[in-house]
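Take a look at the letters that make up each chain.
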Amino acid sequence: MSLGKRNKVSAEFSMSSLTDIIFLLLIFFMLTSSVIQIQDKVNLPESDSKTVAPQSTVVSVLENGRFKVDGKEVSDRLLAQRIEDRLQDVNDRSNFTVAIVTDQTTEFKYITRVMEAAGKLGVQAIIATQPTAE
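Just so we're clear, the structure is a prediction, and the values are computed from it rather than from any experiment.

## Overview of the packing of helix α2 (residues 79-88) against helix α3 (residues 108-121)
For step 1, the next point in the chain: It is at 9 Å that the axes of α2 and α3 come closest, and there the two elements cross at 45 degrees. Taken together, the axes of α2 and α3 lie oblique to each other. The hand of the α2/α3 crossing is right-handed. Between α2 and α3, the contacting residues are Leu-79, Ala-80, Ile-83, Glu-84 and Leu-87 on the first element and Arg-113, Val-114, Ala-117 and Leu-121 on the second.
For step 2, the next point in the chain: Grouping the amino acids of the contact of α2 with α3 by side-chain chemistry returns 7 nonpolar, no polar and 2 charged.

Dropping the structure here:
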């Protein structure tokens, strides 16, 4: 009488480890992402873009050409200096991003001043938008 071993390979796959990994990734992205805190009441321009970039500082452009850097009002002449001051506080200068928060009715020449100041410092500038209403 021969006793043979059965060498069947199990075709089952355990999903429990996969769900653990997905859960850990979700927690990681929730902790590392940040949300722009808009303090002024503005009607953001609409966009269907899904670009998400980390912001290091928020520059609000008000409709009459005034600027606020992280909620503190600054003059046009001191705008670049305030952004540079914020840049000095950051360890990783390559990921420094200026988020521009402005109303739809604001003249574009004020927005370009912020973009030029960021460009002279060699940092990225993005415009905060709201999702397009469908």
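From this point on, the discussion continues.
## Structural notes on the sheet that holds strand β3 (residues 67-69)
For step 1, the next point in the chain: If you walk across this open sheet you meet the 5 strands as β4-β3-β2-β5-β6, and the pairing is mixed. Only two strands of the sheet have a single neighbouring strand rather than two, namely β4 (72-74) and β6 (124-127). Across the sheet, the mean angle separating the axes of adjacent strands is 30 degrees when strand polarity is ignored.
For step 2, the next point in the chain: Two strands pair when backbone bridges link them, and β3 and β4 are joined in this way by 3 bridges, in the antiparallel orientation. Counterpart to Val-69 in the pairing with β4 is Lys-72.
For step 3, the next point in the chain: Across the face of the sheet, α2 comes into contact with β2 (57-61), β3, β4 and β5 (97-102) while running at roughly 10 degrees to β3.
For step 4, the next point in the chain: Packed on one face of the sheet, α3 meets β2, β3, β5 and β6 and runs near 175 degrees to β5.

## Structural notes on the pattern of salt bridges
For step 1, the next point in the chain: According to the stated counting rule, one finds 5 salt bridges in the structure shown.
For step 2, the next point in the chain: Of the charged contacts, one joins Arg-82 and Asp-85 as a salt bridge, the two residues approaching to 3.5 Å between their closest N and O atoms. Pair noted here: Arg-82 and Asp-85 are both in helix α2, with a separation of 3 residues, about one helical turn.
For step 3, the next point in the chain: Under the relative-accessibility criterion, Asp-85 is labelled partly exposed at 31%.

## Concerning α2
For step 1, the next point in the chain: Three or more residues of α2 are buried, namely Leu-79, Ile-83 and Leu-87. What you see down the axis of α2 is that its buried residues fit within an arc of 75 degrees, all on one side.
For step 2, the next point in the chain: Taken together, the buried residues of α2 touch β2, β3, β4, β5 and α3.

Each value, and the rule that gives it
- By convention here, each chain's residues receive numbers from 1 onward along its written sequence.
- Under the rules for a predicted model, residues below a pLDDT of 70 receive no local features and side-chain atom pairs below 80 are neither given nor counted, while totals for whole chains, interfaces and linings still include all residues.
- Side-chain measures were taken over the full set of non-hydrogen atoms in the model, leaving aside hydrogen atoms and water.
- Throughout, an axis means a line fitted to C-alpha atoms (over the contacting stretch in the case of helices), and angles, computed between N-to-C directions, take values from 0 to 180 degrees.
- Numbering of helices and strands starts at the N terminus; helices are DSSP runs of H or I of at least 4 residues and strands are runs of E of at least 2.
- An angle below 35 degrees is treated as roughly parallel, one above 145 as roughly antiparallel, one from 65 to 115 as roughly perpendicular, and anything else as oblique.
- Less than a right angle of anticlockwise turn of the near helix away from the far helix marks a crossing as left-handed, whereas a clockwise turn marks it as right-handed.
- By definition in these notes, contact holds between two residues if any of their heavy atoms fall within 4.5 Å.
- Polar here means any residue other than Ala, Val, Leu, Ile, Met, Phe, Trp, Tyr, Cys and Pro, which are nonpolar, and Asp, Glu, Lys and Arg, which are charged; Gly is therefore polar.
- In this description, strands pair whenever DSSP reports at least two bridges between them.
- Criterion for a salt bridge: a side-chain nitrogen of Lys or Arg within 4 Å of a carboxyl oxygen of Asp or Glu.
- Classification of residues uses two cut-offs on accessible area relative to the type maximum, computed with a 1.4 Å probe and protein chains only: under 20% is buried, over 50% is exposed, and between them is partly exposed.
- The arc in question is the one spanned by the directions pointing from the helix axis to the C-beta atoms.

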